[in-house]
Amino acid sequence: MLRMQVPLPDRYLRARPDDLESWIAAAKATLGERLLILGHHYQRDEVMRWADARGDSFRLSQLAAANTAAEYVVFCGVHFMAESADILTAAHQQVVLPDLNAGCSMADMADLDSVEEAWEALEAVIDIERLVPITYMNSSAALKAFVGRAGGSVCTSTNARAVLEWALGRGDKVLFFPDQHLGRNTGLAMGYDHADMALWNPRRDLGGLSDAECKSATFLLWKGHCSVHQRFTPEQVAAFRASHPDGIVLAHPETPYEVCALADAVGSTDAIIRAVEAAPPGSTIGVATEIHLVQRLAAEHPDRTVVSLDPIVCPCSTMFRIDAAHLAWILEGLVGGEVRNRITVDADTARWAKVALERMLSIV
Ligand code: 13P
Ligand code: SF4
């Protein structure tokens, strides 16, 4: 979803990198403890260097929920993460996203209307009381509220397995949206088979499935994906292994299962960082995730060779929208008493989304 980001004033557009650096440093020093800058691992280095804390989406939610001191939380990440931070922070705290166009194409693949339509269609075919809706963190607050109301939970790539186990302890099947790959990879890791899963296409009647398929599937997987992670292929893993027979392959679970099946480890961005840290010096590591994280890992571990498995590296174009110019514009606004790009969620949506987010935080 495209939001209305106003163009930056010339002062920021024309600034030299050195100027932006000194403006950010000065504003950050002035705001002191009133400011908390959170940075997702896919952020550019020119932004990440200013983050008070870095993390994957699960860790950043924990940090947002735990911090009650900062008046302003500047979220260097994407829109759904900032919305979640607004829901999890206290009423006196304001969450800001430096560029309102930093959305997520995967999150936009499921909207409230189509999920409600799916729910109603399924209600006519299966016992809806036994269906548990699970939304990936990468979704709007409206969808998080939907799962909160319907007895489901949010999950991230860190705790997807624990959340799905929890869901299947209270129902017979799950409707998992919007990322089919995280749902499929997690289900397979739990010991389920492809035959236990059905792909729900929101553009087709009853998701393009028969009544029998809806009844028999344990996992109804929404037909959504991440355009960055879907690029990785088994051929890339084969090429890496041919060049580096002792190499280590790490994949984010938004990557297709054909790639995850060939990986040495599959995990969230935090888990990928830990796996690189744990690898012996001298190792060569091929990673299937966003390029800014891969490049940062390579720079921070000069005694290991860390490369992307995709030779035509593709950054997350929405994470990339956050740059030093937007950060400087936001921070100088705060110093001047102007809160730009505040992210807010209406009270009723926030109430139910919080139920689903708190379930997520409690299931690890
Ligand atoms: P993490 O939960 O690993 O931070 O992933 C978030 C994301 O958007 C990956 O594409
Ligand atoms: Fe969304 Fe993919 Fe970017 Fe993550 S990497 S924010 S899932 S588009």
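Our subject is the structure that appears above.
Conventions we followed
- Residues numbered from 1 in each chain as written.
- Chains lettered and ligands numbered in written order.
- Predicted model: local features only at pLDDT ≥ 70, side-chain atom pairs only at ≥ 80, totals over all residues.
- Heavy atoms only, no water.
- Helix = DSSP H or I, 4+ residues; strand = E, 2+ residues; numbered from the N terminus.
- Polar contact = N/O pair within 3.5 Å; in protein donor to acceptor, adjacent residues only side chain to side chain.
- Axes fitted to C-alpha atoms, helices over the stretch in contact; angles between N-to-C directions.
- Parallel < 35°, antiparallel > 145°, perpendicular 65-115°, else oblique.
- Contact = heavy atoms within 4.5 Å.
- Nonpolar A, V, L, I, M, F, W, Y, C, P; charged D, E, K, R; others polar.
- Disulfide = S-S within 2.5 Å.
- Buried < 20%, exposed > 50% of the residue type's maximum accessible area, 1.4 Å probe, protein only.
- Near = heavy atom within 4 Å.
- Core = buried A, V, L, I, M, F, W, Y, C linked by side-chain atoms within 4.5 Å.

A.B. asks: Hey, could you go over the side chain of D99 for me, with residue numbers and the actual values?
C.D. replies: Locating D99 in the fold gives a position in the loop between β4 (94–96) and α6 (112–123). Here N101 takes part through its backbone nitrogen, which lies 2.7 Å from a polar atom of the side chain of D99. Reaching out from D99, the side chain makes a polar contact with the side chain of H326 at a distance of 3.3 Å.

A.B. asks: For the packing of helix α5 (residues 79–88) against helix α16 (residues 347–362), give the residues involved together with the corresponding values.
C.D. replies: One can describe the packing of α5 onto α16 by two numbers: an axis separation of 9 Å at closest approach and a directional angle of 95 degrees. Comparing the axis directions of α5 and α16 gives the class roughly perpendicular. Between α5 and α16, the contacting residues are S84, I87 and L88 on the first element and A350, A353, K354, L357 and L361 on the second. Split by residue class, the contact of α5 with α16 holds 6 nonpolar, 1 polar and 1 charged.

A.B. asks: Tell me about the state of the cysteines, residues and numbers included.
C.D. replies: All told, the structure shown has 0 disulfides when counted by the stated rule. Here C76 stays free of any disulfide, with the sulfur of C316 as its closest cysteine sulfur at 14 Å. Given a relative accessible area of 1%, C76 falls into the buried group.

A.B. asks: Can you break down the site of ligand 2 residue by residue, with the values?
C.D. replies: Around ligand 2, the neighbouring residues are Y42, C104, S105, M106, N138, C226, E254 and C316. In terms of residue class, the shell around ligand 2 is built from 5 nonpolar, 2 polar and 1 charged.

A.B. asks: Let's hear about the nonpolar core: which residues, and what values?
C.D. replies: In terms of nonpolar packing, the biggest core is built from 119 residues, with I37, L38, V74, L122, I134, F177 and L331 touching the most fellow members. For this core, the element with the most residues is helix α15 (residues 324–335), which contributes 8 residues. Residues contacting L38, with those up to four places away along its chain left out, are A51, A53, L60, L63, A64, V73, V74, F75 and C76.

On their own, these measurements won't tell you what the molecule is for.
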